[in-house]
Amino acid sequence: MVGQKRFSRGLLVGLMAIALSGCVTVPDAIQGTSPTPQQDLTRVMAAPTLYVGQEARFGGKVVSVRNEQGKTRLEIATVPLDSGARPLLGAASRGRIYADVNGFLDPVDFRDQLVTVVGPIVGTVDGKIGDTSYKYMMMNVTGYKRWRVVQQVVMPPQPIDPWMWGPYPRHGRYGYGGWGWYNPGPASVQTFVTE
(Lines give C-alpha, C1' and ligand atoms only; values in the text may rest on other atoms or scores of the structure.)
Protein backbone atom coordinates (compact mmCIF):
# COMPACT_ATOMS: atom_id res chain seq x y z
CA MET A 1 0.00 0.00 0.00
CA VAL A 2 2.83 2.40 0.89
CA GLY A 3 4.62 1.60 -2.39
CA GLN A 4 1.43 2.29 -4.34
CA LYS A 5 1.01 5.70 -2.63
CA ARG A 6 4.63 6.60 -3.45
CA PHE A 7 4.13 5.53 -7.07
CA SER A 8 0.89 7.55 -7.33
CA ARG A 9 2.53 10.61 -5.77
CA GLY A 10 5.57 10.25 -8.08
CA LEU A 11 3.31 9.88 -11.12
CA LEU A 12 1.35 12.97 -10.13
CA VAL A 13 4.54 15.03 -9.66
CA GLY A 14 5.84 13.80 -13.05
CA LEU A 15 2.62 14.70 -14.83
CA MET A 16 2.60 18.17 -13.25
CA ALA A 17 6.21 18.73 -14.39
CA ILE A 18 5.33 17.70 -17.95
CA ALA A 19 2.25 19.93 -17.96
CA LEU A 20 4.21 22.92 -16.68
CA SER A 21 7.12 22.40 -19.09
CA GLY A 22 4.66 22.24 -21.99
CA CYS A 23 3.56 25.79 -21.19
CA VAL A 24 6.89 27.30 -22.30
CA THR A 25 6.93 28.20 -25.97
CA VAL A 26 9.25 30.18 -28.19
CA PRO A 27 7.69 33.57 -29.10
CA ASP A 28 6.61 33.94 -32.74
CA ALA A 29 9.13 36.74 -33.40
CA ILE A 30 12.06 34.34 -32.84
CA GLN A 31 10.42 31.08 -33.93
CA GLY A 32 12.36 31.02 -37.22
CA THR A 33 11.67 28.65 -40.10
CA SER A 34 13.83 25.69 -39.05
CA PRO A 35 12.51 23.21 -36.48
CA THR A 36 15.97 23.12 -34.88
CA PRO A 37 17.99 26.32 -35.44
CA GLN A 38 21.68 26.08 -34.60
CA GLN A 39 22.35 27.23 -31.00
CA ASP A 40 25.85 25.88 -30.31
CA LEU A 41 28.30 28.73 -30.94
CA THR A 42 31.32 26.58 -30.06
CA ARG A 43 30.41 24.08 -32.77
CA VAL A 44 29.80 26.84 -35.33
CA MET A 45 33.12 28.55 -34.59
CA ALA A 46 35.01 25.25 -34.92
CA ALA A 47 34.01 25.03 -38.63
CA PRO A 48 32.16 28.24 -39.58
CA THR A 49 32.06 27.61 -43.34
CA LEU A 50 29.98 24.46 -42.77
CA TYR A 51 27.21 26.52 -41.16
CA VAL A 52 26.96 29.43 -43.61
CA GLY A 53 23.32 29.75 -44.72
CA GLN A 54 21.95 27.66 -41.83
CA GLU A 55 19.43 29.25 -39.50
CA ALA A 56 20.67 29.98 -35.98
CA ARG A 57 19.13 31.28 -32.76
CA PHE A 58 21.36 32.99 -30.21
CA GLY A 59 20.72 35.20 -27.25
CA GLY A 60 22.47 37.08 -24.53
CA LYS A 61 23.45 40.57 -23.46
CA VAL A 62 23.88 43.34 -26.03
CA VAL A 63 27.39 44.71 -25.53
CA SER A 64 27.29 47.38 -28.23
CA VAL A 65 24.98 48.80 -30.88
CA ARG A 66 26.32 50.33 -34.10
CA ASN A 67 24.02 51.94 -36.64
CA GLU A 68 25.23 51.66 -40.22
CA GLN A 69 23.63 52.54 -43.56
CA GLY A 70 20.31 50.65 -43.65
CA LYS A 71 21.09 48.31 -40.74
CA THR A 72 21.99 48.07 -37.07
CA ARG A 73 24.77 45.78 -35.86
CA LEU A 74 24.27 44.27 -32.41
CA GLU A 75 27.30 42.81 -30.65
CA ILE A 76 25.92 40.12 -28.36
CA ALA A 77 27.74 38.21 -25.61
CA THR A 78 25.87 34.93 -26.05
CA VAL A 79 24.69 32.63 -23.25
CA PRO A 80 22.71 29.37 -23.36
CA LEU A 81 18.96 29.68 -23.96
CA ASP A 82 16.17 27.98 -22.05
CA SER A 83 13.33 26.05 -23.71
CA GLY A 84 11.47 29.32 -24.37
CA ALA A 85 14.59 30.81 -26.09
CA ARG A 86 15.22 33.17 -23.17
CA PRO A 87 18.85 33.84 -22.17
CA LEU A 88 19.77 32.06 -18.93
CA LEU A 89 20.53 34.55 -16.16
CA GLY A 90 23.95 34.19 -14.57
CA ALA A 91 25.32 31.88 -17.29
CA ALA A 92 28.83 32.55 -18.52
CA SER A 93 29.26 33.93 -22.03
CA ARG A 94 29.80 31.33 -24.76
CA GLY A 95 31.32 33.88 -27.11
CA ARG A 96 30.32 36.96 -29.06
CA ILE A 97 28.47 37.40 -32.30
CA TYR A 98 27.50 40.21 -34.64
CA ALA A 99 23.81 40.23 -35.46
CA ASP A 100 22.80 42.57 -38.32
CA VAL A 101 19.21 43.85 -38.13
CA ASN A 102 17.64 45.63 -41.13
CA GLY A 103 16.73 49.23 -40.29
CA PHE A 104 17.43 51.48 -37.35
CA LEU A 105 17.41 50.37 -33.71
CA ASP A 106 17.94 53.04 -31.06
CA PRO A 107 21.03 52.16 -29.01
CA VAL A 108 19.30 53.44 -25.86
CA ASP A 109 16.68 50.68 -26.21
CA PHE A 110 19.14 47.81 -26.75
CA ARG A 111 22.52 48.47 -25.09
CA ASP A 112 22.99 46.25 -21.98
CA GLN A 113 19.64 44.51 -22.64
CA LEU A 114 18.94 40.79 -23.05
CA VAL A 115 17.90 39.75 -26.57
CA THR A 116 17.37 36.63 -28.63
CA VAL A 117 17.94 36.77 -32.39
CA VAL A 118 17.20 34.32 -35.19
CA GLY A 119 18.39 34.23 -38.81
CA PRO A 120 20.93 32.74 -41.22
CA ILE A 121 24.64 32.55 -40.44
CA VAL A 122 26.67 34.54 -42.99
CA GLY A 123 30.22 33.72 -41.83
CA THR A 124 32.84 35.21 -39.55
CA VAL A 125 34.66 38.53 -39.35
CA ASP A 126 37.75 39.64 -37.45
CA GLY A 127 37.29 42.26 -34.77
CA LYS A 128 38.61 43.27 -31.36
CA ILE A 129 37.48 43.13 -27.76
CA GLY A 130 39.54 45.88 -26.18
CA ASP A 131 43.07 45.34 -27.50
CA THR A 132 42.57 41.61 -28.12
CA SER A 133 41.82 40.25 -31.59
CA TYR A 134 38.58 38.28 -31.76
CA LYS A 135 36.73 36.33 -34.48
CA TYR A 136 33.00 37.07 -34.50
CA MET A 137 30.31 34.90 -36.01
CA MET A 138 27.96 37.03 -38.14
CA MET A 139 24.28 36.51 -38.85
CA ASN A 140 21.49 38.38 -40.62
CA VAL A 141 18.58 38.79 -38.22
CA THR A 142 15.12 37.83 -39.48
CA GLY A 143 13.52 38.11 -36.03
CA TYR A 144 14.47 39.36 -32.59
CA LYS A 145 13.01 39.61 -29.10
CA ARG A 146 14.10 41.98 -26.34
CA TRP A 147 13.55 40.58 -22.85
CA ARG A 148 12.90 42.17 -19.47
CA VAL A 149 14.50 41.11 -16.20
CA VAL A 150 12.05 41.29 -13.30
CA GLN A 151 12.15 40.41 -9.63
CA GLN A 152 9.40 38.84 -7.55
CA VAL A 153 9.12 38.39 -3.78
CA VAL A 154 8.25 34.81 -2.82
CA MET A 155 6.74 34.29 0.60
CA PRO A 156 7.52 31.13 2.59
CA PRO A 157 4.84 28.44 2.50
CA GLN A 158 1.97 28.92 4.94
CA PRO A 159 -0.21 26.24 6.50
CA ILE A 160 -3.34 25.01 4.81
CA ASP A 161 -5.67 23.84 7.54
CA PRO A 162 -9.42 23.63 6.89
CA TRP A 163 -10.08 24.05 10.63
CA MET A 164 -8.27 27.38 11.00
CA TRP A 165 -11.23 29.52 9.91
CA GLY A 166 -14.70 28.74 11.11
CA PRO A 167 -17.26 29.13 13.89
CA TYR A 168 -16.21 29.28 17.51
CA PRO A 169 -18.75 27.13 19.34
CA ARG A 170 -17.96 28.88 22.64
CA HIS A 171 -18.06 32.44 21.32
CA GLY A 172 -20.76 32.20 18.61
CA ARG A 173 -18.63 34.04 16.01
CA TYR A 174 -16.33 33.29 13.05
CA GLY A 175 -12.59 33.89 12.85
CA TYR A 176 -9.10 32.51 13.29
CA GLY A 177 -8.93 29.62 15.70
CA GLY A 178 -5.56 30.63 17.13
CA TRP A 179 -3.88 27.28 16.64
CA GLY A 180 -1.89 25.63 13.87
CA TRP A 181 1.65 26.31 12.72
CA TYR A 182 3.34 29.35 11.24
CA ASN A 183 6.44 29.48 9.02
CA PRO A 184 8.49 32.50 10.15
CA GLY A 185 11.07 31.93 7.37
CA PRO A 186 12.21 34.93 5.35
CA ALA A 187 10.72 35.81 2.00
CA SER A 188 13.06 35.32 -0.96
CA VAL A 189 13.52 37.44 -4.07
CA GLN A 190 13.63 35.60 -7.40
CA THR A 191 14.95 37.19 -10.58
CA PHE A 192 13.75 35.91 -13.95
CA VAL A 193 13.52 36.80 -17.64
CA THR A 194 10.12 37.58 -19.16
CA GLU A 195 8.54 39.24 -22.18
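The rules behind these values
Residues numbered from 1 in each chain as written. Predicted model: local features only at pLDDT ≥ 70, side-chain atom pairs only at ≥ 80, totals over all residues. Heavy atoms only, no water. Helix = DSSP H or I, 4+ residues; strand = E, 2+ residues; numbered from the N terminus. Buried < 20%, exposed > 50% of the residue type's maximum accessible area, 1.4 Å probe, protein only. Pairing = 2+ DSSP bridges.

The chain has the name Slp family starvation lipoprotein in an unreviewed UniProt entry, where Trabulsiella guamensis ATCC 49490 is given as its organism.

### Section: unusual backbone geometry
Positive phi is not limited to glycine here, since alanine 85 has a value of about 70°. Mapped onto the fold, alanine 85 is located in the loop between β2 (71-79) and β3 (95-102). Judged by relative accessible area, alanine 85 falls into the buried class, the value being 2%. Backbone geometry at aspartate 112 places phi at a positive 65°, although glycine is not the residue there. Within the secondary structure, aspartate 112 sits in the loop between α4 (107-110) and β4 (114-129).

### A short note on the pairing of strand β6 (residues 143-154)
Remark: a regular strand shows side chains that alternate across the two faces of the sheet. Pairing analysis gives five bridges linking β4 to β6, with the strands arranged antiparallel. Residue pairing for β6: valine 118 is matched across the bridge by glycine 143. Pairing geometry for β6 and strand β9 (residues 188-194), over seven bridges, is antiparallel. Following the sheet pairing, valine 154 is matched in β9 by serine 188.

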